[in-house]
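# Chain and residue survey
Letter by letter, the chains look like this.
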Amino acid sequence: MRIETELLAWAVLFLPLASFLVISLVTWPYKKVSGLVTVTGIGISAVLSIWILSRIIADPTPVSSTWHWLTVGSVKIDFGCLIDPLSASMMMAVCVVSFLIQVYSTAYMEHDEGYSRFFAFMALFTFSMLGIVLANNFLMIYIFWELVGLCSYLLIGFWFFKPAAAAAAKKAFVVTRFGDFGFLLGILLLFHFVGGFGYGEIAHAIESGYIPPVWLTIATVLVFCGAIGKSAQFPLHVWLPDAMEGPTPVSALIHAATMVAAGVYMVARTYDLFHSSDQAMLVVAYIGGITAFLAASMAVAQSRMKRIVAYSTCSHLAYMMMALGLGGYTAGVFHLLTHCFFKALLFLSAGAVMTLYFHEENIWRMGGLYRYMKVTAIVMILGGLSNAGLFPFAGFFSKDEILVAAKESGHIGFYWLGVLVALFTAFYTFRLIFVVFFGPRSEWSPVSHGHGHDDHHHEELPDIGNPRPSQTWKMQPVDPAVRAESDRHLRKEPWAMIIPLSILATAAVVAGFVGWPGLEHGFSSFIFFEHPHHVAGFDIPTVVISHIVLIVGIGAAWAIYGKRKTAADPLSEMLGPIYRLFERKYYFDEIYLWFIRRFIDGGAAVLAWFEENVFTGVFANGIGGLMMEMGRVLRLFQNGLVQRYALIFFLGVLVLVIILIYSVPGEVPGAIAAIGGVK
Amino acid sequence: MMDLSCYLGLSTLLFIVGLFGALTKRSAVVVLMCIELMLNAVNINLVAFSRFLDPGQLLGHLFVIFTIAVAAAEVAVGIALVIVLNRYRDTINLDDFTWLKG
C-alpha cells in the first residue's frame, strides 16, 4: 500500500517530463499528436494525483520516498518525495488545473505556429512545478525552483518576435533572480548550521536549538526572499503584470494557478522554519499586507484585461502570505488551493473573450459582449464572485478564514487591511465584468482596423491606457454595416474551451465547502500546523463585514460602469491624481528604472573605467608593453658583430671567475694560494 | 731565479695581446692568429703549472700537445671558413659579416 503510493507519486512527477521528452524528440513535427501527448500525460497525472489524495485523506500519515543521489564529503544529498496532506492537495490542484488548461490550450493555440513547442514547454513546466510540490529537501526544491523560472521565461517569451514579450520574459527572469539569490543564500546558511538540506533535518535542528536565533531569523528572511520573487510580492512584484505578454493559458497556469503559488507553497512547506522566528513571521505578514493593498489598488485602474487579473493574483497571493505570516497556516493554504481554481477560471475566461474578440485586450474596446459569448460571461461572473468572496463561493470560505486568522492573531490592523483589500477586490473584479460584458459597445471595430480573427500575431497594441472622458476617443466612429460585419466574425466558444471552463467554474463554486467552519472532518483537520485548528462555526461579524464591503464594491462598480455611456473611465475624473497613481502602478517601474540608470549604470560605468584602464591598460597592455620595450632594448645587443659577442662572452667569463674566487668567504682559494705560495 | 709567477706573467701578457687582437682586428685571418696566441698563452700556463706544482708528472705536457693538435685542426677549419667567406663576399673584414643580427 505505502510503496504503491510512492510509486504513484513518482509517476505523477515524471509523466509530464516524459511528455516533454516525447514531444521534443519525436512528435514535434505533428501538431495534433504533440497536443495529445501532453494532454494524455498530464491527464494520467491528474487521475493518479486524485487517487493519491484520496489515499492520503483515508490515512494522513506522511509518506516519503528517497533516492540517495550524491555524497559530497560527509554530506549526503537525497532526491526524494514527501507526500503528506499539504503536498498531496497541492499536487492534485496543480495536476487538475494544468490538465484543464492543456485541454483549453488545444483550442486557444490552434492556429499558432509553435503549437508543439508550446505543449512541450507546458509539460516541462508542469513537471518542474510538481517537483517543487513533492520535494523533500531544500536543494531539490531549489533545483525545481530554477527550472520553473526557466519555463516561465520560455513561456512568457513564447512569442519572442514581439519585442514586448521578449522584454517581459527578460524582466521576469531578472527580477525573480534577485529573490532566488536570497533564497540560495538562505539555503546555504541553513546548510552551514545544519549540515544537511532535508526539511526533517532542518526542523530537527531548529527544535534542538543548533541554530542561533539571530542567524535563524536571517536565514528565514533570506529564504523568504525567494518567495517574494516567485510569488511577485512587493518590492519584486513588477514582473507579474508584464508577464501577461505570454499566451493566456500560460498566464492562467503559471501566473495564476501554480508557479506564483510556489512561493506561498514554499513558505507553507517550510513552516517549521518560519514559525520558529517571530521577526521573520512579521516580515512575511507585512510584505503580504503591503502587497495585497498595492496590487489591489493598482488593479482598479488598469485597462488591459489580463493585467487586471494579474494584479488580482498578486493581491491574493499577498493575502495568503499575510495569513501565513499571522499564523493562519490552514487559512493561507486553503486560500492557495481555492485560488488555483477561480483564478485559472478568470484567466481562461479572459482568454476566451480575447480569442473570440480578435485578440483584443483593452477592456475599453469591448463592452456589451454578453450577447455574443454567454457561456464565457457566465463562468467569468462565477469566477468573479468567487474572487470577490461571495457566500457560498469557494473564495468566500478561504478569504473569510484569512480574516478570522488575522483577527485571532491580535493584529487588528491587518484585519481591517484585509477588509479594505476585499472592497477593492470586489470593485475591480466587477469593473472588469461590467465594462467587458455590459454597457454599450465601444466605437472600436476590430475588422475595420484590419484584424482578421486568424491574424494571430496581431500588431503591437499601443498601450492607450484608460481613455478620459475629456479626451476624444481616437477611433473613428464606426459604420453600422462594418460593425455588423465584424460581429458576424465573433465565433462561438469551442467545446475545448467550454468544458474546462465549466469544470473550473464548478470547482470555483463548490471547492470551498470542504472548509465549511465547524465541519468535523473538514479542511482544517486535514491540513494544519502542529495541531488542528478547529472553528466552531462562522465568525458572524466577519461574514457580515465582508459581505457589506462586497456589496459596496459591486454596487459602486455597477453605479460607475454599469450605466456608462461612453468608452471612457468615469473613475479617472472622480479620483484624479490618485487614479493616475494607480494607473501608473505607483511609478514602481519608473523608480526602478531611475534607480538603475542612476546608480547601477553609474556603478557599471566606474567598473567599466576600471576594467578599461586598470585591467586592460595596466595589467594586460602594460605588461605586454613592458616586454616589447625590453625586447626592443635587448635586440640592440644582437648586432651580428662576432667580435662584440666575443667581448661580451669574455666579460661574462670574467664575472664568473670573480664570483668563483670570492664565493667562499674568508678562505683564499687554492689556485691563488698556489700562485702566491709555491716557488 | 725564475719562479712560477714569471711564467704566469708572460702567459697573461700573451693572452691579453691575443684577446685584444681577437676583439679589435678587422681581418678574419689576424683574428685567427690572435686566437692562436691566446691558446699558446694557455699552453705556457699548463706547462708552467706542471713543472712547478707537479714535478715528475707529465700531465700538463700531455695536455699541451693535445691542445696544439686541436688548435691545428681549428685553424684548418677557420682558414677554410675564411676562404669561403672571401669567395662569397670578396672580403674578409669581420664587420661585414653581420647576417645573424636580429
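Quick caveat: nothing in here was measured; it's all calculated off a predicted structure. Numbering of residues starts from 1 in each chain and follows the order in which that chain's sequence is written. The order in which chains are written sets their letters, starting at A; the order in which ligands are written sets their numbers, starting at 1. Residue-level local features of this predicted model are given only where pLDDT is at least 70; pairs of side-chain atoms are given and counted only at 80 or more, and the full residue set underlies all totals for whole chains, interfaces and linings.

### Remarks on helix α7 (residues 199–207) of chain A
Residues and elements named next belong to chain A. The burial label depends on the number of other C-beta atoms within 10 Å of a residue's C-beta. Counts of 20 or more mean buried, 12 or fewer mean exposed, and intermediate counts mean partly exposed, with C-beta atoms placed from the backbone. Numbered from the N terminus, helices here are DSSP runs of H or I no shorter than four residues, and strands are runs of E no shorter than two. Residues Tyr199, Ile202 and Ile206 constitute the buried set of α7. Along the axis of α7, the buried residues cluster in a sector spanning 70 degrees; they form a single face. Buried residues along α7 sit in contact with α6 (163–194), α8 (213–230) and α12 (271–275). Gly209 occupies a position one or two residues after α7 and carries a positive phi of about 75 degrees. The arc in question is traced by the directions running from the helix axis to the C-beta atoms. Note that contacts rest on C-beta atoms placed from the backbone: two residues are in contact if these are within 7 Å.

### What to know about the nonpolar core
Counting 211 residues, the largest nonpolar core has Met91, Val267, Val284, Phe341, Ala344, Leu345 and Ala508 of chain A as its most contacted members. Ranked by the residues each element gives to this core, the list is headed by helix α15 (residues 329–356) of chain A, at 18 residues. Apart from residues no more than four positions distant in its own chain, Ala344 of chain A is found in contact with Val97, Ile101, Ala252, Ala256, Ala257 and Leu504 of chain A. Ranked by size, the runner-up nonpolar core spans five residues in total, among them Ala22, Ala28, Val31 and Leu32 of chain B. Think of a nonpolar core as buried Ala, Val, Leu, Ile, Met, Phe, Trp, Tyr and Cys residues, each tied to the set through C-beta atoms within 7 Å.

### Observations concerning the packing of α6 of chain A against α8 of chain A
All names here are of chain A. Between α6 and α8, the shortest axis-to-axis distance is 7 Å and the interhelical angle comes to 150 degrees. As summarised for this structure, α6 and α8 are arranged roughly antiparallel, according to the angle between their axes. Where α6 crosses over α8, the handedness of that crossing is left-handed. A fitted line through C-alpha atoms serves as each axis, taken over the contacting stretch for helices, and the angle formed by two N-to-C directions is quoted from 0 to 180°. Any angle from 65 to 115 degrees is called roughly perpendicular, while one under 35 is roughly parallel, one over 145 is roughly antiparallel, and all others are oblique. If you view the pair so one helix is near and one far, a crossing is left-handed when the near helix is turned anticlockwise from the far one by less than a right angle, and right-handed when it is turned clockwise.

### Some words on the environment of Arg580 of chain A
Along the chain, the position of Arg580 of chain A falls in helix α23 (residues 577–583). For Arg580 of chain A, a count of 14 C-beta atoms within 10 Å gives the class partly exposed.

### Regarding the confidence of the model for chain A
All names here are of chain A. Per-residue confidence from the predictor is reported as pLDDT, a score between 0 and 100. Predicted confidence across chain A gives a mean pLDDT of 82, with 88% of residues reaching 70 or more. Counting contacts from residues 447–465, a segment whose pLDDT is below 50, to residues more than four positions away or on other chains yields 25 contacts. Overall, residues 467–477 carries pLDDT values under 50, and its contacts beyond four positions in sequence, including any with other chains, amount to 16 contacts.

### Details of the confidence of the model for chain B
This prediction gives chain B a mean pLDDT of 89; 96% of its residues lie at or above 70. For this predicted complex, the interface confidence comes out at an ipTM of 0.86, alongside a pTM of 0.74.

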